Amino acid sequence: MYQAAVIGLSSLEALAISHILETFDNIESESFQDFGIFVPMSERYAIYVVSSDVFSANLDFFLPKKGRYLVVTANGYGKDPLVGRNDDISIITERLGRLVGALDCVADGGGLSVREMEVLRVLVSGKTVKEIADELCISPNTVITHRKNISSKLGIKSISGLSLYALMNGII
């Protein structure tokens, strides 16, 4: 079961998005009006549906999570990861479906959790453990634990091997 965070949308918009997400068997959602309240719990969410205002104000948080968010804008521009408030329900459902479907593909590849995939993505970019911890708002010990788990699950010990794996599997 995956968790989705709906952040910064009006109550009615959040209710509509949550209702659509309920149609998928493997997803539950929770709504947050304020990004500050959401951040301490952010690790447990696999995907994010976020207002354009919250997204643009918190790019450092969302950009490393490419492929895991959908941005709700005033006007849709027809391209992922954007959806407009006035878009047809079928477009919104289709975009959310792609987002949820991508989680299933990632989770099946190598048995890595969503968070491990996120750590792997940043790890192979060449950042230090401290830089990764700062970027993902976790402790350095947690980064090390994730790296050990990733190496154990994949059977790959070196950064170059992990980089090749990430490249070949579309993680980077």
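Residues numbered from 1 in each chain as written. Predicted model: local features only at pLDDT ≥ 70, side-chain atom pairs only at ≥ 80, totals over all residues. Heavy atoms only, no water.

**What about the confidence of the model for the protein?**
Summing up the model confidence of the protein, the mean pLDDT is 86 and the portion of residues at 70 or higher is 93%. The secondary structure element of the protein with the lowest average pLDDT is helix H5 (residues 89-108), at 75, and the one with the highest is helix H2 (residues 35-38), at 94. (pLDDT = per-residue confidence, 0-100. Helix = DSSP H or I, 4+ residues; strand = E, 2+ residues; numbered from the N terminus.)

**A look at the nonpolar core**
Ile17, Leu21, Ile27 and Leu96 are the most contacted members of the largest nonpolar core, which has 21 residues in total. Those elements that place two or more of their residues in this core are strand E1 (2-7), helix H1 (11-22), strand E3 (47-51), strand E4 (69-73) and H5. Membership of the second largest hydrophobic core comes to 19 residues, among which are Leu112, Met117, Val119 and Leu120. (Core = buried A, V, L, I, M, F, W, Y, C linked by side-chain atoms within 4.5 Å. Buried < 20%, exposed > 50% of the residue type's maximum accessible area, 1.4 Å probe, protein only.)

**Notes on the environment of Val114**
With respect to the helices and strands, the residue Val114 is situated in helix H6 (residues 114-123). The exposure class assigned to Val114 is buried, which follows from its relative accessible area of 14%. Residues Val114 and Arg44, spaced 70 residues apart in sequence, show a C-alpha to C-alpha distance of 9.4 Å.

**Quick notes on the sheet that holds E1**
Taken in spatial order, the five strands make up an open sheet running E2-E1-E3-E4-E5, and their pairing is parallel. Strands with a single pairing partner mark the edges of an open sheet, and in this sheet they are strand E2 (27-32) and strand E5 (82-84). This sheet shows a mean twist of 20° between the axes of neighbouring strands, independent of strand direction. When E1 meets E2, the two strands line up parallel, connected through six bridges. (Pairing = 2+ DSSP bridges. Axes fitted to C-alpha atoms, helices over the stretch in contact; angles between N-to-C directions.)

**Regarding the environment of Ser11**
Note that Ser11 resides in helix H1. When its relative accessible area of 56% is taken as the criterion, Ser11 is described as exposed. Through-space distance from the C-alpha of Ser11 to that of Ser56 is 20 Å; in sequence the pair is 45 residues apart.

**Thoughts on the packing of aromatic side chains**
Across all of its chains, the model carries 14 aromatic pairs by this definition. Between Phe32 and Tyr45, the aromatic rings sit 5.7 Å apart at their centres with planes inclined by 85°, giving edge-to-face as the arrangement. Here Tyr45 lies in the loop between H2 and E3 and Phe32 lies in strand E2, a separation of 13 residues in the sequence. Of the two residues, Phe32 and Tyr45, both sit in the buried class. Through successive ring pairs, a cluster of aromatic residues spans Phe32, Phe35, Phe38, Tyr45, Tyr48, Phe55, Phe61, Phe62 and Tyr69. The aromatic ring of Phe61 is capped on one face by Lys65, whose charged end is 4.0 Å from the ring centroid. (Phe/Tyr/Trp six-rings, centres within 6.5 Å; stacked < 30°, edge-to-face > 60°. Lys NZ or Arg CZ within 6 Å of the ring centre and 35° of its normal.)

**A few points about the pattern of salt bridges**
Counted by the stated rule, this structure contains 10 salt bridges. Close ionic contact of Glu94 with Arg98 constitutes a salt bridge, the shortest N to O distance being 2.2 Å. Highlighted residues: Glu94 and Arg98, both in helix H5, separated by four residues, approximately one helical turn. Judged by relative accessible area, Arg98 falls into the partly exposed class, the value being 43%. (Salt bridge = Lys/Arg side-chain N within 4 Å of Asp/Glu carboxyl O.)

**Looking at the pairing of E3**
The side chains of a regular strand alternate, first on one face of the sheet and then on the other. Judged by how many residues are buried, E3 sits mostly within the fold: five of five residues are covered. Covered by surrounding structure in E3 are Ile47, Val49 and Ser51 together with Tyr48 and Val50, the residues of both alternating faces. Looking at chain direction, E1 and E3 are connected through four bridges and run parallel. Each bridged residue has a counterpart across the sheet, and for Ile7 the counterpart in E3 is Val50.

**Focus: the side chain of Ser42**
Following the sequence through the fold, Ser42 ends up in the loop between H2 and E3. Of the residues examined, Ser42 reaches a relative accessible area of 11% and is grouped as buried. In terms of polar contacts, Ser42 uses its side chain to reach the backbone carbonyl oxygen of Val39, at 3.0 Å. Ignoring any residue separated from it by four or fewer positions in sequence, one finds Ser42 in contact with Tyr48 and Phe61. (Polar contact = N/O pair within 3.5 Å; in protein donor to acceptor, adjacent residues only side chain to side chain. Contact = heavy atoms within 4.5 Å.)

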